[in-house]
Structure formats: structure tokens, C-alpha cells
Amino acid sequence: MRDEVDPAAGREAGAPAAGRDADDWARDPAAQRLCEAWRRHGWRAARLDPLGLAAPEAPPALDLPGPEPLRAALRAIYGGGLGWEIGHVQDPARFDWLAAEAEIAEPPSDADRARALALIASAELLEGDVKRRLPTTKTFGMSGAEGFALLMDEAIRASGARRVVAGGMHRGRITQMALVLGKPLTRVAAELRGAPDLPASLGAASDVPYHLGFDGVREDGVEVWTAPHPSHLSIVGPVALGRARAEGAGRDPAVLPMVLHTDAALAGQGVNMEMLQLARLPGYSVGGTLHLLLDNQVGFTTDGPEARSARTAADVAKITETPILHVNGDDPDAILLAARAAARWRARWGEDILVRLIAYRRRGHNEMDEARFTQPRMYAAIDALPPLSERFAAAAGLPAPDLSALRAELDAAFAAPPATPNAPEAPGLAAGAEAPMLAHHDTGVALDELQRLARALAQPPAGMTLHPKIQQFLTRRRKMARGEAPVDWAFAEALAFASLLAEGRPLRFSGQDAVRGAFAQRHLRLHDQQTGEVHHSLAQFGEAEVFNSPLIENAALGFEYGYATAAPGLDVWEAQFGDFLNVFQPMFDQYLTGGEDRWLLTSRLTMLLPHGWDGGGPDHSTGHVERVLARCAKANLIAANPSTPAQYFHLLRRQMALPSPKPLAVFTPKLLLRLAACTSAPEEFAPGTGFAPVLAEDVSGAQRILLCSGKVYWLLAKARADRGLEGRVALVRLEQLHPFPAEALAAALAGAPGELVFVQEEPENLGPFPWLDRRIERALGRPARLVSRPEAASPAVGWHAWHDAEEKTLIDAALDLEASA
């Protein structure tokens, strides 16, 4: 059997037959040209539509002269129910391996066919039984695509995996979970009848049954973690792949990443292109992903010609030369061959492969949808088709499988009272979960240890020829290490990373141009100007994975989120500019801020969003504080806008000190990276110190108290000093915005009679104040007046002179003690 062949063995395409004919054809140039034509174009002539509505193409390239027996052999291989789209694979070794894989394929055994028949018939039974018992329940069923369950199951079996990390879709989710992915049928039946997966007392929102994930074990002992997903379903792919990498995919061959797609979503959602682009990058590799595409030939009500410009829904995979196997969903033999070939490709090359299974939906988009309104011809063909199991049994000469055990299990599952499981541990959702996020955590480091780390960070390898400006950069850092200069922002960050690594905590740090820093502030890699040798500054301290992410936001953040749900260390990702939140908003809303509430997913993922009105224009000013805060509730996320290097240092270290994992969004500065006043003394990093959610001056005698957050503090402090207003104007900084530090703020302003003004750089309709307004009033018992830029449709103006004029007006309004509301 093919399964016994070493999956890493070399392959070489020759003539698709054995014996004398093959030897003759191998020496015949016309025969070889015909072989090459079929290898590159034969998939277009394959019989892929199970409904028979789309006739196979007749590419002119296949009409080349050549031996007719060879043509017949090639048509049998490439023109049947399995189409090998490999012509876009440019590497000759990979192309030849794929061609040989197609041409030496052995047909499935009778035992394989019997097992395939049993699974297909089981899927039909399960789909029909659920429809009969719960006729008005939406399940987005698999009926008409039962072959997809076989594809999934065989891919898992053929891979030899002991652990599968899967990202799925809602089409056929119930059947997939029950028959392939290891979810107990009693749990499936309970959820379909309305029994929540979590007790209401837990305080979670949970989700609809066909979005829920599961961590289970198949009957063959294979563990399967299936990611939960939202209706914006393609964003689950990078999340699952990040999780797979954290669980060892790419290092441990027993861990299999598998991502499931549907036709309209794969062709239409840009996050899929982003995900595929990540696949071969060292920071994202998972040793190859099995992408399984269920092509129903219609997206909800939209036919393919309206849904995409590409020839097929799988064409997006060509951007990375990923092989595409097209298989007729009503041809179980072809499905078995496709699944095995896909598993062997991953084992041999450690790269992605996509299998597109062409099927149909017997019941429309969901069980109550009438697809005949818009696809009458398609559904006439579907209605005429007997069940696949009957047709396959007749064609293969197999007896009908015995499904009595499954029927009994279904009866028992639906007869059992629909119970909710016992509450899992979810301390992050418990009452009072915000308290540790507001409490003091001692994250200081012994000064001698801090100096050791600082000296190591500032010392390049001997003999390294560095750029003159990098030499100056390291000279400044050596002064900081010796205590001769205060610590700046980027060095505080590097010390936070190095100290965590030295404590044995792994670090994964990535982002867009993040290694050098988009603002040339970081330089975590040093480059020899003569040899090109690279020194990784953090590698000396521990397990550090530091790299630049591509100019991709949605999939990159999703990958990091998935990784952080299983990784033991700190995962930090930086956007080039905070405004790039625009692009990863779906991932931010549905996973980063909602993942714990919906699915009990937790992480310590830290997201850096460069933020601040520095004259950079509409797209380079804001991290969209208002949007981040709009998604904050209870203890789901920490949002912080620190104003000093030491505060940033402690904020990063606190991520690993919190008892329950929480994601963190940090609005990081640009101007402060080089502002001479924005530094911290060594004692601010010492034992006993930690992040303070509120930084306050003595406000007791102040005529006006200015509340603010982040970089604007430094503008106000300088202007106050220039105008001699110390004592009359006090500055209080909200360093953490959520969870809101109501008690700390109230304590800082206790008994202070001065006028209360909140100052923000953002326009009136943006920034933190719309969210903070009532919270400040509740905490202090009185409202704060706002000083800001006027409301605006764009976050910032485009011309620096206009920005400067706005900033002057803002500062004047904040410090003009003659003006009041």
C-alpha cells in the first residue's frame, strides 16, 4: 500500500506506465511533450462537478500528437475525479515529485473503501437525523458534501499526526465535530437543543453551537484542538496557525495544522492571502498546513461568476505556488487519493497544500433557506441525486454499512436531558477580576542585575564594524548602563525584555519594521557594515524570537493571538503606526477583546500602537484610543498610555506577573522616544517599584487640575513651566485607561478644590474622553471639562503648520486660567 512508502522518499516524474511502453515513451519527444501538457493542464479536463452541470474543459494544449495509449493513461490519471493543478509550481524538484505522486498512485483497497463508505453513510445519517429531530434549528449542515468529512478524516489518518490544530468553518461544523474532530455526540446534541456549553453563572457570553471550538480526542487517540470562530470566519485561519506553532508545529511532526475553508470566503476574504504569505516566513512557519476547501459552487445565494474573477475559488493559493488538488466530492476513491497525497506532500516538503473538494448543498445556506429561488437548475440536479453512500456502495460492490451503533448513540444523545457541563476554571471572568489589573505588582529588578543586563545590551561583539550612528547609539546606552545618564524609552523596553528572558520567560517580539524600530529607536539586531554579520542583542539572555513581520496586519495579529493562547512567555506585536488598527479591526474585535468572553481563550498578547499628534497627518497620528476603549468591558483587556520609560518597563513586566493572562494594548509614543525630558532614573526600576495606573502631583493648592494621558503631559508640563504656573496648575496622568483606576484617581484628587479639566490631543469626538467622561465623574463626584481639538472627520490635519497652530490653541486653552466653562 502507498501508506507504507517512506513519505520523505524522492520522486521523479517519468512516463505514467510500466514496462516496454514506458521506456519507449521516455525516449519519444512527442510523448514527453504530451506528458508535460497533461501534467500542467490536465486538471482542467478533469470530471470535477458532481452535478455534471459544468462540463470538463478541453484545453488545446492536450491535443498535442502522441501515442494514443499514453493519452488514455494520462486522461485516466489527470482527467478523472482528481485534478492536479501543479503547473504554477516553479521548482522542478517539487513539480516532478507531484507528477510522480499522481502517476504512481495506487487505488484504494476494499478495506479503505468500506471505511470511506461507513463514514459517508454516518455523515448522511447524522445530517438527516438532526434535521428530522430539529427541523427549525440552524446547523449549516454538510448534507451534499459528506465527502468532506472523509477528506478531513483521511488527511488526519494519512499524516500520522498525534495532535491536530484545526481552524474551521460553520459549514458542516456539527457533523465534522461529531464524526471527525472528537466532540462527544451527547455534547453536540445538548448544544443543538439549547443547552449552553458554559453555565450562566460563569459570566461569559459564549456563542452559537456552530461557532464553538473544542479540545477533544478522536476514537483513534489523536488529540484535536478545534479553534472557535466568528461569522467573519476566514480570520480563524491565522489564529489556528499561531496556536499550532506554539504547540510545536514545524518542530514536531506529530502536530498537524489543518485549516478548513469554504469557496466564497477563501476567494473573497483578503486575510487568506495574508495567511498564505506568512507560510514560509521563518517566524511563522508551521511545517506546512493542510488547507481543505469545501466548494459548494455557490456562496449563500451568489454564484461563482459573481463571486470572483479567478477561475476557481482556490486560485489565491497560487500566490505562494501552493499545489492545488481539485477533487470531485462524490468520488470517494479520488478523495482518499487526494488526502493521502496532501499528507505526503507536507511530510516531504514541509509546505502548504490545498485540496479543493467540489460538492453541493442539499438544503441551501442553512436549513431554513430556500436555495431554489436563485439556483433552480442546480437544485433540480441535486434533487435527482440519490445519497452518495448508495451510489458509492453500488459502484464499489460494497454492502451497506451497519449504522446501528450510531443510531443507538444518536437516540441516547437526544434522549438524555440537555445538560450544561460543570463550570471550567475561568478566573479572568470572576467577580473582581479587574482588581489584580489595578493593584501594585512589584516588577522592579535589582540594580546590579539591571546594570549587568544594560552592559550586555550595549556591548557589541568584538571586532564588529558598526555604522557610525549605531556606535553613537551604543555609546549613549553604555552611559545609561553606568548610571551616567538616565534611561530612555527604547532602552527601558530592551531592559524589560532582557530581564524577563533572564528570569527564564520566553519572548516573542515582532512587528512591522519593529526590530530596528519604525522610528530607528530599537536596533535589536546589529549589522556588521563590512561582512553583513548580524548580532541578535536579546539572544544572549534566553529564548528570544525577534523578527520583523511583513506589512500585514489582520493575519499577523491573528497569528500572534493564536500563538499567545498556548505560549508560556510574553508575545509582543507592534504595528508600524497605530492607525493600522483600521486593517486588523476584525481580529481585534472578535478575538483579542472578545475571545475570553465568547470562548474562554486567554492570552498575554501585548499590542503596541504608536500614537500621538506630532504633525504626521491623518494616518500617522492615532492608535484609535476611542475604538480600543469601546471594546473594553470588565476585565477583557488592559489599555494603557504610559508617559515615562520606567512606567513602560513595568507595564511590560507586569504582563507576566498578572495571575490571569490578559491582552494588553499600549499606546506608545513617537515624540517621547527622543525627548530629553522623558527619561527615568535607575531607582525607578529598582525592587519595590511597579506600574502605577495614576501619576499625580500635589493637587491640594492648585487652581486648576489637568487630567491627561500619555505624551500630551510633556507638552503641558513644558508650557506650564514656561509660563510659571507650577503650583497653580497641577497635572495628573491616567497611565492606565482600562480597567479604569477609579480608586487611585479619587485618592490622588481627594479634597482638591481646583477646577477639573481633561486635556487630550485628539479631536473632541475621538480619543479617550468620550469613554472616560462619566467614569471620571463617578469616581470624583464631579464632571471634568474637556479641552481638545475641535470635532473632526479626520483624526489629524495634513499640514505641519496647521498642526502647530492647533497644538498652540490646545495648550493655551488648557493653561488659560482666565477661561473656564
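Residues numbered from 1 in each chain as written. Predicted model: local features only at pLDDT ≥ 70, side-chain atom pairs only at ≥ 80, totals over all residues. Heavy atoms only, no water.

**Q** So, the packing of helix α2 (residues 29-41) against helix α4 (residues 92-103): which residues are in play, and what are the values?
**A** If you want to describe how two helices pack, look at the angle between their axes and the distance between the axes. At a closest axis distance of 11 Å, the pairing of α2 and α4 adopts a crossing angle of 95°. Classified by the angle between their axes, α2 and α4 sit roughly perpendicular to one another. Seen from α2, the contacting residues are E36, R39 and R40; seen from α4, they are F95, A99 and E103. Class assignment of the residues belonging to the contact of α2 with α4 gives a composition of 2 nonpolar, no polar and 4 charged. (Axes fitted to C-alpha atoms, helices over the stretch in contact; angles between N-to-C directions. Helix = DSSP H or I, 4+ residues; strand = E, 2+ residues; numbered from the N terminus. Parallel < 35°, antiparallel > 145°, perpendicular 65-115°, else oblique. Contact = heavy atoms within 4.5 Å. Nonpolar A, V, L, I, M, F, W, Y, C, P; charged D, E, K, R; others polar.)

**Q** Describe the sheet that holds strand β23 (residues 755-763), naming the residues involved and giving the relevant values.
**A** Sheet architecture is open: 5 strands sit in the order β19-β21-β20-β23-β24, paired in mixed fashion. Looking at the sheet topology across the chains shown, the edges are occupied by β19 (694-696) and β24 (785-789). Put simply, the sheet's adjacent strands are angled 25° from each other on average, direction ignored. Sheet analysis places β19 next to strand β21 (residues 729-734), joined by 3 bridges and oriented antiparallel. Within β21, the residue paired with L695 across the bridge is R733. Running over the sheet, helix α28 (residues 769-780) touches β20 (704-708), β21, β23 and β24 and is turned about 165° from β23. (Pairing = 2+ DSSP bridges.)

**Q** Which residues make up unusual backbone geometry, and what are the values?
**A** Residue H738 is joined to P739 through a cis peptide bond whose omega torsion reads -10°. Note on placement: P739 falls in the loop between β22 (736-738) and α27 (742-748). In this structure, F140 takes a positive phi of about 50° despite not being glycine. As for its placement among the helices and strands, F140 is situated in the loop between α5 (110-133) and α6 (146-159). Here F140 falls in the buried class, since its relative accessible area comes to 7%. Positive phi, normally seen in glycine, also occurs at D513, with a value near 60°. By relative accessible area, which is 41% here, D513 ends up partly exposed. (Buried < 20%, exposed > 50% of the residue type's maximum accessible area, 1.4 Å probe, protein only.)

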